Amino acid sequence: MNIILLGPPGAGKGTQARILMDTKGFIQLSTGDMLRAAVAAQTEVGKRAKAVMDAGQLVSDEIVNAIVSERLDQPDVSSGVIFDGFPRTAAQASALDEMLSSKGMDLDRVVSMEVDDELLVERVSGRYTCAKCGEGYHDSFKKPAVEGTCDKCGSHEFKRRADDNAETVRGRLVAYHAETAPLIAYYEGQGKLVTVDGMAEIGTVTASIASALEA
């Protein structure tokens, strides 16, 4: 099964993707991770991406699409993939449809994680992660069981993203509503869209996604 997790930055897509990887054996395809991997491996498209980034420019849709296509040719994706952060635009969505069709693959579900913008700003501006294992925490909603100690690996080092602040989050939301939110209608028209309450407790969201995938 191949799925897309759709929602603005901070909606919890990464958290739910990790849970699906652990419980269902999915492979998470994050455009950022794939881009870095292609550059490090010095693939042909990776070299093109590096040249663009070194020039201080944004990587084009053409390069992003090529990196996704390259990744989908690797054998581990046969267990099912989660697209996280891709597609971001209608053009990328159309390109993904063509890409999957050409490879004999299907997109089975698109899970839209619906959130309240102002509550999301609060959620994102308070989050931080374990510097060692990447486990996520929050100042209000998810503190470590023992203060200053990661529940998962026991590390005492934590970090926050410099851009996890209210102003930056609101800017991301504006971009999301302008560019990515229209994909909700796009995939609804294909009969592949399911919606879940992204503001619910993590376990509740996980259960909602599981039900949607089993439907």
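A few points on the structure. Remember, predicted model here, so these are calculated numbers, not experimental data.

**A closer look at the environment of Ala 90**
Moving on, step 1. Inspection of the secondary structure puts Ala 90 in helix H5 (residues 90-102).
Moving on, step 2. Its relative accessible area of 46% is what places Ala 90 among the partly exposed residues.
Moving on, step 3. Residues Ala 90 and Tyr 186, spaced 96 residues apart in sequence, show a C-alpha to C-alpha distance of 7.8 Å.
Moving on, step 4. Setting aside residues no more than four positions away along its own chain, Ala 90 makes contact with Glu 179 and Leu 183.

**Points about the packing of aromatic side chains**
Moving on, step 1. As enumerated under the stated definition, the model contains five aromatic pairs in all.
Moving on, step 2. Ring geometry for Tyr 128 versus Phe 158: centroids 5.6 Å apart, planes at 80 degrees, classification edge-to-face. Remark: Phe 158 occurs in strand E7 (residues 158-159) and Tyr 128 occurs in strand E5 (residues 127-130); sequence separation between them is 30 residues.
Moving on, step 3. Judged by its relative accessible area of 26%, Phe 158 falls in the partly exposed class.
Moving on, step 4. Consider the rings of Tyr 137 and Phe 158, whose centres lie 5.7 Å apart with planes at 80 degrees: the pair is edge-to-face. Of this pair, Tyr 137 sits in strand E6 (residues 136-138) while Phe 158 sits in strand E7; the two residues are 21 residues apart in sequence, bridging distant segments of the chain.
Moving on, step 5. Geometry around Tyr 137 places Lys 142 over its ring, the cationic atom sitting 5.4 Å from the centre.

Rules of the game
Residues numbered from 1 in each chain as written. Predicted model: local features only at pLDDT ≥ 70, side-chain atom pairs only at ≥ 80, totals over all residues. Heavy atoms only, no water. Helix = DSSP H or I, 4+ residues; strand = E, 2+ residues; numbered from the N terminus. Buried < 20%, exposed > 50% of the residue type's maximum accessible area, 1.4 Å probe, protein only. Contact = heavy atoms within 4.5 Å. Phe/Tyr/Trp six-rings, centres within 6.5 Å; stacked < 30°, edge-to-face > 60°. Lys NZ or Arg CZ within 6 Å of the ring centre and 35° of its normal.

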